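# Descriptive structure summary
Listed below, chain by chain, are the residues.
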Amino acid sequence: MDDHFLAFVIGSAAIGLAIGIGLAFWNPEDYADKATVILWIGLLGDLFIRALKCIVLPLVFVSIAVSVMDMLALGAAGSVVGTTIGLYICTTICAAIIGCIVSVLFSNLYTLKDGEGENLDPNVKIGCDVDEYGSPQSFLTQQADGSVLCEANGGSGNSTIFSLEDINGYFQKSPQASGPAKLSLSEGLYQGLFMQLIGGNMFSMFTEGNFLGIIVLGAGFGVALVQLSNEMPPDVSWDMILTIQVLEEVMQVFMKFVTWIVKCTPFAIISLIAAAVGAQTNLGGVFSQLGYLVIAVFAGLLIQIFLFYTGLYLGFVRKNPFRYFRHLIPAIMLAFSTDSSAATIPVSIDCAVSSGDVPVGVARFVIPLGATINMDGGAISLICSCVWLAYENGIVPGVGDYILLAVAATVGSMGAAPVPGSGIVMTLVCYSTAFGDTPGSDQPAGMAYIIAFSWCLDRFVTITNVMGDLTVTAIVANKVNTLVEEAENDIEGAEKENVGSVKRSSTAAGTEKEDFSDASIIWTEWHPCQVKILS
């Protein structure tokens, strides 16, 4: 199946769509029969989602820790490494901003889920008395004649559900509520961003799904381990940090889990699409909304490539970017076919070097690093998908939600694995971070459609990621080439000056001319970082 995975995914989507349409037009006498069939058809898809959610937070933790250790290990390489990492971070931040802008522009086309939105009022149960643990023992219950009284378990056939109408807007709704967010920007950022960065309990961060807190914890772990390896404590009996290797091994184990789960994607797609489409009553509206999402993602990716990357190249290299981009076509085609930045690394290096502007040493350093931390397309896709999902679940994102999404997408995409299927995992995490878990469900409404179309969107996302890697590679190469030219000019000037001095001294003292064949030592002393990279 590995050789024809894309064909299997497309075929599975078609099969799931056909089954779902058949279910949508099936009108049995007892609707419970249809609901039962849809429930069991969707079982495999639900298990697929649960498996992804089970491993995502531990995977994010170890991925961030290992990435931080890798970047700190490169710190000794000097200014070129700093420039490379800085450019990658800037491109991802700009991608997140573009994703937010595109999502805001397209949000006017999205439709809120029926029955939810700005006028949503909560239903409540009112407890009458509580036990020593604070649990209600009876509830206010409406009787058949309209009167109310307190009854244990609500009585037989009587209602304990009351509608709460917030007439003066006194009660606030949190960003994690199923309805629209009502907190102010300041309160939303305080509770939704900064209070999540530092968790009160590192273990509860995993059980509560505190994505941002886990990222901070993973980064702190990585920094601490690197410092320990560089400065071993004097009062310990061990002489090496085994935890570094353990984290790297654990990351590979989780990546193996991801690979196994992704192999189940074709079967999960049949289950998810069939169950999601079969439960719909307005198929035309669903597919039109999904079309808006696809167009929004494509618009963001095109802006990132043709406006931002070309502008970045023109600003730093000051050459025609399309003359460089035409050498990248083989890497672009491979990125589309494999859906993996990591699998494209060898061809990307060859394409960059074949342009004649990138030294092979620079390409071998910048491109693999970019495949690890540079996921610009992923940041755009994550934000657009999460905003679309919010509307599908009756949530109108506010300014604070967009800021939180931008932060989560920027950091999360940098920690995402450069392999197929990682976008699905990060979409679940980013949505939960910004809008909370969906009550009574393992996935937000509409997630099945995101998974169904991920085989298509992720390929264009990967192309954007690879284009970002190669654009940064060209900029870094231009800087290195400039440093090389300056160093060569300095060496040439030093040689001329020293040769003239030797000639004058040999003329005066009658000695022979000295040999300056080792003048390259000047280059080594002045630019040790560049020598290391270029050699």
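In this report, we go over the structure that sits alongside the text. (Residues numbered from 1 in each chain as written. Predicted model: local features only at pLDDT ≥ 70, side-chain atom pairs only at ≥ 80, totals over all residues. Heavy atoms only, no water.)

### What to know about helix 8 (residues 242–263)
Note the cut-off: Numbered from the N terminus, helices here are DSSP runs of H or I no shorter than four residues, and strands are runs of E no shorter than two. Helices are assigned an expected span. That span is 1.5 Å times one less than the residue count. Only protein chains enter the accessibility calculation, which uses a 1.4 Å probe; a residue whose area is less than 20% of its type maximum is buried, one above 50% is exposed, and one in between is partly exposed. By arc we mean the arc of the directions from the helix axis to the C-beta atoms, nothing more.
If you check helix 8, its first and last C-alpha atoms are 32 Å apart, about what 22 residues at 1.5 Å a residue would give, namely 32 Å. Turning to helix 8, its buried residues are Leu247, Met251, Phe254, Met255, Val258, Ile261 and Val262. For helix 8, the angular spread of the buried residues around the axis is 120 degrees, confining them to a single face.

### A few points about the nonpolar core
In plain terms, the rule: Residues belong to one nonpolar core when they are buried, are Ala, Val, Leu, Ile, Met, Phe, Trp, Tyr or Cys, and are joined through side-chain atoms within 4.5 Å. Throughout, a residue-residue contact means that at least one pair of heavy atoms, one from each residue, lies within 4.5 Å.
Ranked by size, the top nonpolar core spans 86 residues in total, and within it Phe48, Tyr110, Leu247, Leu293, Trp388, Phe435 and Ile451 carry the most contacts. For this core, the element with the most residues is helix 3 (residues 43–73), which contributes 15 residues. Aside from chain neighbours lying at most four places away, what touches Leu293 is Tyr110, Cys384, Ser385, Trp388 and Ile450. Core analysis: the second largest hydrophobic core is formed by 39 residues, Tyr309, Val317, Ile349 and Ala477 among them.

### Considerations on helix 14 (residues 360–373)
Look at helix 14: 20 Å from first C-alpha to last across 14 residues, which is about the 20 Å you get at 1.5 Å a residue. Three or more residues of helix 14 are buried, namely Gly361, Val362, Ala363, Phe365, Val366, Ile367, Leu369, Gly370, Ala371 and Ile373.

### Some points on the packing of helix 2 (residues 31–41) against helix 9 (residues 265–278)
The cut-off we apply is this: Working convention: axes come from line fits to C-alpha atoms, limited for helices to the stretch in contact. Angles between N-to-C directions cover 0 to 180 degrees. In this scheme, roughly parallel covers angles under 35 degrees and roughly antiparallel covers those over 145, while 65 to 115 is roughly perpendicular and the rest are oblique. We call a crossing left-handed when the near helix sits turned anticlockwise from the far one by less than a right angle, and right-handed when that turn is clockwise. Three residue categories are used. Nonpolar comprises Ala, Val, Leu, Ile, Met, Phe, Trp, Tyr, Cys and Pro, charged comprises Asp, Glu, Lys and Arg, and polar comprises the others, including Gly.
Between helix 2 and helix 9, whose axes approach to 8 Å, the crossing angle comes to 155 degrees. It follows that helix 2 is roughly antiparallel to helix 9 by the angle criterion. The handedness of the crossing between helix 2 and helix 9 comes out as left-handed. Residues Lys34, Ile38 and Ile41 of helix 2 form the contact with helix 9, whose own contacting residues are Ser271, Ala274, Ala275 and Gly278. Residue composition of the contact of helix 2 with helix 9, grouped by class: four nonpolar, two polar and one charged.

### Some words on the packing of aromatic side chains
Short version of the rule: In this scheme Phe, Tyr and Trp rings, the latter by its six-membered ring, pair at centre separations within 6.5 Å, and the angle between planes marks the pair as stacked below 30 degrees, edge-to-face above 60, and tilted otherwise.
Considering all chains together, one arrives at 13 aromatic pairs under this definition. Between Phe61 and Phe206 the ring centres are 5.9 Å apart and the planes differ by 70 degrees, which places this aromatic pair in the edge-to-face class. A residue pair is termed long-range when its members are at least 10 positions apart, and Phe61 in helix 3 and Phe206 in helix 6 (residues 202–207) qualify at 145 residues. Note on Phe61: relative accessible area 12%, which makes it buried. The class of Phe206 is partly exposed, set by a relative accessible area of 28%. With centroids separated by 6.0 Å and ring planes inclined at 75 degrees, the aromatic side chains of Phe254 and Phe257 adopt a geometry described as edge-to-face. Here Phe257 and Phe254 lie together in helix 8, a separation of three residues that amounts to about one turn. Clustering of aromatic rings is evident, with ring pairs tying together Tyr313, Phe322, Tyr324 and Phe325.

Distances and angles like these do not, on their own, reveal function.
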